[in-house]
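Structural overview for review
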Amino acid sequence: MQLKLFDDSSFVIWTTGKSTFSNNIKKHGDPFHLGWLEGMTFTDFGMPVIDSYNGSWPTAIIPFHEARADYYKNAAPTACPHFYIDDAHFLCILRHLPKYTSMFTCFPAIIGLDFSIKMDMPEPVKMYNVYLNKVTTRYFQLHGLSVIPNIVWAGPRGYDYCFAGFPTNSVVAVNSIGIIGDSRSVYFWRKGYGEMLKRIHPTHILRYGDKIDGEDESISTYYPNNHLNRMRYGR
């Protein structure tokens, strides 16, 4: 394995040749998914560096399980898959990442994974879920997919690692599901939103979930939560 350090404390692994570690993966498996990291660049927080997305905005977005069902029915994919659903519904991607990478090539773009981070989670758990979101996003990008970076945060303590590695001046996606009605969650969502604007300067934000007072609607496109609408209105 080759490890190259740079002045900005980022690094690239497995840049050339075969590594002893990659041979060990073949022999013993890869329970920590280290084999995904080939060719990635990392920040000093160990977060993968993500490419920007400057393509067209999706006309519609659909949850992963619906996108997967359409794929297996050979339906023509037109909507962009998202992962603003229970984490359990897309854990299968971690077990079969190459398989789902191949499936996603049928879609014009996807939104990055959205493993949950919540205020009451221990910090290492939040950091790990942020890492999973980013490492899968970068893996998809390196394998030819158009991926819209999905931005998540939960409290000021995590801002540095939450925003590390994300591109500036990119189209991004942001979710606000599940915070309306909880004043503490809304407060920290709003603070994190402002921090995101300062740090990564998104050119446009694809928004899923209820509008929050104070967000910049002039650079946002809002997508309906069809599942919630069916529950509320029966359609």
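For clarity, every value in this text was computed on a predicted model and none was experimentally measured.

Bringing the sheet that holds strand 11 (residues 220-223) into the picture now. In space, the 4 strands of this open sheet follow the order 8-9-10-11, with parallel pairing throughout. At either end of the open sheet lies a strand with only one pairing partner, and these are strand 8 (150-151) and strand 11. The sheet contact formed by strand 10 (residues 204-208) and strand 11 spans 4 bridges and is parallel. What sits directly across from Leu-206, in strand 11, is Thr-221.

The next thing to look at is the packing of helix 2 (residues 64-72) against helix 4 (residues 97-104). Orientation of helix 2 relative to helix 4, taken along the N-to-C sense of each, is 70°, at an axis distance of 11 Å. Taken together, the axes of helix 2 and helix 4 lie roughly perpendicular to each other. Within the contact between the two elements, helix 2 uses Phe-64, Arg-68, Tyr-71 and Tyr-72 and helix 4 uses Lys-99, Tyr-100, Met-103 and Phe-104. Across the contact of helix 2 with helix 4, the residue classes tally to 6 nonpolar, no polar and 2 charged.

Turning our attention to the layout of surface pockets. Counted as a void, the largest pocket has a volume near 620 Å³. Around the largest pocket sit 25 residues that line it, and Ile-117, Lys-118, Asn-175, Ile-177 and Ile-179 are the ones nearest its centre. Taken together, the elements giving at least two residues each to the lining of the largest pocket come down to strand 8, strand 9 (171-175) and helix 7 (183-200). With 3 residues, the top contributor of residues to the lining of the largest pocket is helix 7.

Attention now goes to the nonpolar core. Judged by nonpolar contacts, the single largest core of 54 residues is most densely connected at Phe-64, Ile-93, Phe-104, Phe-140, Ile-151, Trp-153 and Met-196. For this core, the elements supplying multiple residues, two or more each, are helix 2, helix 3 (92-95), helix 4, helix 5 (123-142), helix 6 (159-163), strand 9 and helix 7. Per-element tally for this core: the top contributor is helix 5, with 6 residues. With near-sequence residues (within four places) excluded, Trp-153 lies in contact with Ile-117, Tyr-159, Cys-162, Phe-163, Val-174, Phe-188, Trp-189, Gly-192, Tyr-193 and Met-196. Formed by 12 residues, the second largest nonpolar core is a distinct cluster that contains Ile-148, Val-171, Leu-206 and Tyr-208.

In this section: the packing of helix 4 against helix 5. At a minimum axis distance of 10 Å, the contact between helix 4 and helix 5 shows a crossing angle of 55°. Taken together, the axes of helix 4 and helix 5 are oblique relative to one another. Handedness of the helix 4/helix 5 crossing: right-handed. Here Leu-97, Pro-98, Thr-101 and Phe-104 of helix 4 come into contact with helix 5, specifically with Thr-136, Tyr-139 and Phe-140.

Scanning the model with the defined rule gives 17 aromatic pairs in all. Summarising the aromatic geometry, the rings of Phe-64 and Tyr-100 are spaced 5.6 Å apart at their centres and angled 70° between planes, so their arrangement reads as edge-to-face. Pair noted here: Phe-64 is in helix 2 and Tyr-100 is in helix 4, with a separation of 36 residues, a long-range link. Here Phe-64 matches Tyr-100 in class, with each residue buried. Ring geometry for Tyr-84 versus Tyr-208: centroids 5.3 Å apart, planes at 20°, classification stacked.

Definitions and cut-offs
- Counting starts from 1 at the beginning of each chain's written sequence and moves along it residue by residue.
- Where totals are concerned, whole chains, interfaces and linings use all residues; where local detail is concerned, this predicted model gives features only for residues with pLDDT of at least 70, and gives and counts side-chain atom pairs only at 80 or more.
- Hydrogen atoms and water are omitted, and side-chain values are computed over all heavy atoms in the structure.
- In this description, strands pair whenever DSSP reports at least two bridges between them.
- Only DSSP runs of H or I with at least four residues qualify as helices, and only runs of E with at least two residues qualify as strands; both kinds are numbered from the N terminus onward.
- Each axis is a line fitted through C-alpha atoms, taken for helices only over the stretch in contact, and angles between the N-to-C directions span 0 to 180 degrees.
- Throughout this description, any angle smaller than 35 degrees is read as roughly parallel, any larger than 145 degrees as roughly antiparallel, any in the 65 to 115 degree range as roughly perpendicular, and the remainder as oblique.
- The contact criterion used is simple: two residues touch if any of their non-hydrogen atoms lie within 4.5 Å.
- Classification used: nonpolar for Ala, Val, Leu, Ile, Met, Phe, Trp, Tyr, Cys and Pro, charged for Asp, Glu, Lys and Arg, polar for all others including Gly.
- Here a cavity is any set of points on a 1 Å grid over the protein atoms alone where a 1.4 Å probe fits but cannot get out, and a pocket is any open set with protein on both sides within 12 Å along at least 5 of 7 lines; a residue lines the site when it has an atom within 4 Å of a point.
- Grid points are joined across faces, edges and corners, and a volume is the space filled by probe spheres set on the points.
- For this analysis, a nonpolar core means a set of buried residues of the types Ala, Val, Leu, Ile, Met, Phe, Trp, Tyr and Cys, connected via side-chain atoms within 4.5 Å.
- Only protein chains enter the calculation, and the probe is 1.4 Å; a residue is then buried if its accessible area is under 20% of its type maximum, exposed if over 50%, and partly exposed in between.
- By convention the crossing between two helices is left-handed if the near helix lies anticlockwise of the far one by an angle smaller than a right angle, and right-handed if it lies clockwise.
- Here is the rule: rings of Phe, Tyr and Trp (six-membered ring for Trp) pair when centre to centre is within 6.5 Å. Planes less than 30 degrees apart are stacked, more than 60 are edge-to-face, and the remainder are tilted.

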